[in-house]
Structures are given as C-alpha cells and as structure tokens.
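Coordinates in review
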Amino acid sequence: MTVPVGRVVVGVNGSPSSLEALRAAVDAGRRERVEVLAVLAWTPVGGETSYRRAPSSDLLALWEAQACVRLRQSFEQAFGGYPSGVAIRPVVVRAEAGHGLVSIADRPHDLLVVGAGERGWPARWFHGATCRYVVAHAGCPVLAVPPPALLRELPLRQRHRLYTASSAELQAAAPASRTTPRPDSPAAPVTDEG
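All values reported here derive from a predicted model rather than from experimental measurement.

Rules and cut-offs
Residues numbered from 1 in each chain as written. Predicted model: local features only at pLDDT ≥ 70, side-chain atom pairs only at ≥ 80, totals over all residues. Heavy atoms only, no water. Helix = DSSP H or I, 4+ residues; strand = E, 2+ residues; numbered from the N terminus. Contact = heavy atoms within 4.5 Å. Areas by Shrake-Rupley, 256 points an atom, 1.4 Å probe, with all protein chains shown as cover. Phe/Tyr/Trp six-rings, centres within 6.5 Å; stacked < 30°, edge-to-face > 60°. Buried < 20%, exposed > 50% of the residue type's maximum accessible area, 1.4 Å probe, protein only. Salt bridge = Lys/Arg side-chain N within 4 Å of Asp/Glu carboxyl O. Core = buried A, V, L, I, M, F, W, Y, C linked by side-chain atoms within 4.5 Å. Axes fitted to C-alpha atoms, helices over the stretch in contact; angles between N-to-C directions. Left-handed = near helix turned anticlockwise from the far one by under 90°. Nonpolar A, V, L, I, M, F, W, Y, C, P; charged D, E, K, R; others polar. Expected span 1.5 Å × (residues − 1).

Further remarks concern the overall build of the protein. Scanning the protein from terminus to terminus reveals eight helices and six strands. In the protein, the order of α-helices and β-strands from amino to carboxyl end is β-α-β-α-α-β-α-β-α-α-β-α-α-β. Intrachain contacts of the protein at a sequence separation of at least 6 include 80% that bridge at least 24 residues. Only carbon and sulfur atoms are counted for the fraction: they give 55% of the accessible area of the protein, which is about 10900 Å².

Encoded structure:
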C-alpha cells in the first residue's frame, strides 16, 4: 500500500548530499506527478542573535541574494538547469534549516526529502543536525537520502565544498532584479522570513 504524496519538499544547500537529495526529490515529483518545492534556508552570518545586535538591511539583502544564487546553482550542478517534466517552485526562507523545512512541509501528505550526510561518529559530531531534526519533528513522511558513493572516495579535507559567488552572480540575484522571473527559470525564488 502506497501513501499518496501531495507535494515534495526538499532541503537544498549546495552540498553533494543535498544535490543527491534534490535529484531524488525531482524523481519522486515526476513519478507522483506533483510539485517539488526546493527550499534553501538561510540565517544571517553569525546567527540571529548576532544580527539583532547590529541589524543591517543591506546585509540582509546581500545574504538573501547569495541564498538565491546558491539555490539556482544547485539546479545547475544537479541537472544543468531547471529540469523538465516536473513543476519546480524554488523557495528561499530565512530560518534554521531544520525548522524551516518542517514548517514548510506542514501537510500530512507532503514528502520531505533531505540529504542524510556522511556516516561515522566524526561526521555525526559535526554534521547531520538538519536531518536528525527533520526526522524527529516532521509531521509527514521523510526520505533521508544517503550521500553519493563518490563522496566517500575523496580525502576528508576535500569533502566540503566552499561556496563563493562572483560579483556578477550577486548582481544578477540582487533584490530589484528578482521581482520578475528569469526566462530560464520556472519562477523567481519565493522568499519568506520564517
């Protein structure tokens, strides 16, 4: 007996594990013929507490623009662009990743897809908090996707991907230019402040 899926919600951050989760979510969306919400959650650098001490709307706009670029680049890296044959809704939310995903996947027939991260105690010590939070708090089925097998073959120091955006990418994702969807995207990323 299979449970009907209303929509697929996937957490994306640009890591190899999240790209694998994105691929699995798009496959599930195609198979079930439902919308896929690709969610990138972000918080201000230093956390919300640090931001409250010295708020800056310019910095918030920059961090949100970086999140939009990172979400778009995740689709580029996973599929070479937005995939066809499935409805994609990119969502950028200002929240801790686990909390943001659980609050968006709030329907009982949602399927929440997350990257499970690496196995072993060092990886669990430093990573995987989002997956553990989602599994513990979600009110819908959760699919925890294991990391790509190729990731295990890399030396430990090369398993983490540093993200840097060029100034051209940041200008392309600036708040003023995100009001209209780009021609190559299904829709401009929806932003939400959690």
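Back to the write-up after that little detour.
Okay, the packing of aromatic side chains next. Using the criterion set out here, one finds three aromatic pairs in the structure. A centroid spacing of 6.3 Å and a plane angle of 70° characterise the contact between tyrosine 51 and tryptophan 63, whose relative ring orientation is edge-to-face. Highlighted residues: tyrosine 51 in helix H2 (residues 47-53) and tryptophan 63 in helix H3 (residues 57-79), separated in sequence by twelve residues. Judged on exposure class, the residue tyrosine 51 and its partner tryptophan 63 are both buried. Linked through ring pairs, Phe75, Phe79 and Tyr82 together constitute an aromatic cluster.

A few words on unusual backbone geometry. Located in the positive-phi region is arginine 33, a residue other than glycine, with phi close to 60°. With respect to the element layout, arginine 33 can be found in the loop between helix H1 (16-32) and strand S2 (36-42).

Attention now moves to the pattern of salt bridges. Tallying each qualifying case throughout the model produces six salt bridges. Residue glutamate 20 is joined to arginine 23 by a salt bridge in which the shortest nitrogen-to-oxygen separation is 3.1 Å. With glutamate 20 and arginine 23 both in helix H1, this residue pair falls three residues apart, about one helical turn. Accessibility expressed as a relative area gives 27% for glutamate 20, which makes it partly exposed. The partner of arginine 30 in a salt bridge is aspartate 27, and the shortest N-O contact between them spans 4.0 Å. Highlighted residues: arginine 30 and aspartate 27, both in helix H1, separated by three residues, approximately one helical turn. Salt bridges linked by common partners bring Arg7, Asp106 and Asp110 together as one network.

Now for the nonpolar core. Val8, Val10, Leu22 and Val113 are the most contacted members of the largest nonpolar core, which has 30 residues in total. In terms of residue count, the dominant contributor to this core is H3 (seven residues). Apart from the residues lying within four places of it in its own chain, the contact partners of valine 10 are Ala21, Leu22, Ala25, Val36, Leu37, Ala38, Val39, Leu101 and Val113. If you look at the next biggest cluster of nonpolar residues, it comprises 16 residues, including Val9, Val91, Ala105 and Val134.

Right, let's get into the packing of helix H4 (residues 97-104) against helix H6 (residues 129-137). At a minimum axis separation of 8 Å, H4 and H6 run at an interaxial angle of 35°. Where H4 crosses over H6, the two elements pack in a sense that is right-handed. Contact with H4, carried on its side by Ala97, Gly98, His99, Leu101 and Val102, involves Thr130, Tyr133, Val134 and His137 of H6 and no other residues of that element. Here the contact of H4 with H6 is built from residues that sort into five nonpolar, four polar and no charged.

On to H1. Taking 1.5 Å of rise per residue, 17 residues should cover 24 Å, and H1 covers 24 Å from first to last C-alpha, within 8% of that figure. Along H1, the residues classified as buried are Ser17, Ser18, Leu19, Ala21, Leu22, Ala25, Val26, Ala28 and Gly29. Phi turns positive, to about 60°, at arginine 33, one or two residues after H1.

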